[in-house]
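Listed below are the residues making up each chain.
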Amino acid sequence: AKSDGTEHELIPDGKNAPVTNDNRISYVERVSYYKLNTEIGVQSEAFIAGVQKVMKRKTLQMFSERELQLVISGSSAAIDID
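Not measured: the values here are computed from a predicted model.

## With respect to the overall build of the chain
Here is step 1 of the chain: Looking only at helices and strands, one finds four helices and zero strands in the chain.
Here is step 2 of the chain: When the helices and strands of the chain are placed in sequence order, the string is α-α-α-α.
Here is step 3 of the chain: A compact globule built from 82 residues would reach a C-alpha radius of gyration of about 12 Å, whereas the chain, at 16 Å, exceeds it by more than 25%.
Here is step 4 of the chain: Along the first, second and third principal axes, the C-alpha set of the chain runs to 45 × 30 × 25 Å.

Set out below in structure tokens:
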């Protein structure tokens with residue numbers, strides 16, 4: 001479900017396809033892709049463009065996820081988005 005409550009099928013006839021142990025990774029990948037590239041695609045692109053004005057893409061790829069969070073936020077503490 002999208003943040004506005006509407007639903008978007010990630011695969012054809014997805015509403016009738018259960019998430020199982022065998023397909024859970026594919027499901028998470030599809031949800032992540034949809035949220036980052038469709039639902040908030042414009043915002044994600046703007047964020048990436050802003051970060052790339054400060055650091056080149058090759059430089060960003062040197063950091064782990066945890067290190068990048070520290071570089072961007074100045075803290076390794078979890079980010080509270082609520």
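## A word on the packing of helix α1 (residues 24-39) against helix α2 (residues 41-54)
The relative placement of two packed helices is expressed as an angle between their axes plus a distance between the axes.
Here is step 1 of the chain: With their axes 5 Å apart at the nearest point, α1 and α2 run at an angle of 80° to one another. The orientation of α1 relative to α2 falls into the category roughly perpendicular. For the pair α1 and α2, the contacting residues are Leu-36, Asn-37, Thr-38 and Glu-39 in the first and Gly-41, Gln-43 and Ser-44 in the second.

## Considering the pattern of salt bridges
Here is step 1 of the chain: Scanning all chains against the criterion turns up one salt bridge.
Here is step 2 of the chain: A salt bridge links Glu-39 to Lys-35; its shortest N-O distance comes to 3.7 Å. Pair noted here: Glu-39 and Lys-35 are both in helix α1, with a separation of four residues, about one helical turn.
Here is step 3 of the chain: On the basis of relative accessibility, which here comes to 23%, the residue Glu-39 falls in the partly exposed class.
Here is step 4 of the chain: For Lys-35, a relative accessible area of 35% corresponds to the partly exposed category.

## So, the layout of surface pockets
In this approach the atoms are scanned with a rolling probe the size of a water molecule, which exposes any empty space left behind.
Here is step 1 of the chain: Considering only enclosed or pocket space, the largest pocket measures out at about 640 Å³ in volume.
Here is step 2 of the chain: If you go around the largest pocket, you meet 21 residues; those closest to its centre are Leu-36, Phe-47, Ile-48, Leu-68 and Ile-72.
Here is step 3 of the chain: Listing elements by their share of the lining of the largest pocket, those giving two or more residues are α1, α2, α3 (57-60) and α4 (65-73).
Here is step 4 of the chain: By residue number, the principal contributor to the lining of the largest pocket is α2, which donates eight residues.
Here is step 5 of the chain: Broken down by class, the residue content of the lining of the largest pocket amounts to 10 nonpolar, eight polar and three charged.
Here is step 6 of the chain: Estimated volume of the second largest pocket: approximately 470 Å³.
Here is step 7 of the chain: Lining the second largest pocket are 20 residues, and of these His-8, Glu-9, Leu-10, Tyr-27 and Val-31 sit closest to its centre.
Here is step 8 of the chain: The class makeup of the residues in the lining of the second largest pocket is nine nonpolar, four polar and seven charged.

Cut-offs used in this document
- Residues numbered from 1 in each chain as written.
- Predicted model: local features only at pLDDT ≥ 70, side-chain atom pairs only at ≥ 80, totals over all residues.
- Heavy atoms only, no water.
- Helix = DSSP H or I, 4+ residues; strand = E, 2+ residues; numbered from the N terminus.
- Rg over C-alpha atoms; globule rule 2.2 N^0.38 Å.
- Axes fitted to C-alpha atoms, helices over the stretch in contact; angles between N-to-C directions.
- Parallel < 35°, antiparallel > 145°, perpendicular 65-115°, else oblique.
- Contact = heavy atoms within 4.5 Å.
- Salt bridge = Lys/Arg side-chain N within 4 Å of Asp/Glu carboxyl O.
- Buried < 20%, exposed > 50% of the residue type's maximum accessible area, 1.4 Å probe, protein only.
- 1 Å grid on protein atoms, 1.4 Å probe; cavity = no way out; pocket = protein on both sides within 12 Å on 5 of 7 lines; lining within 4 Å.
- Points joined across faces, edges and corners; volume = space filled by probe spheres on them.
- Nonpolar A, V, L, I, M, F, W, Y, C, P; charged D, E, K, R; others polar.

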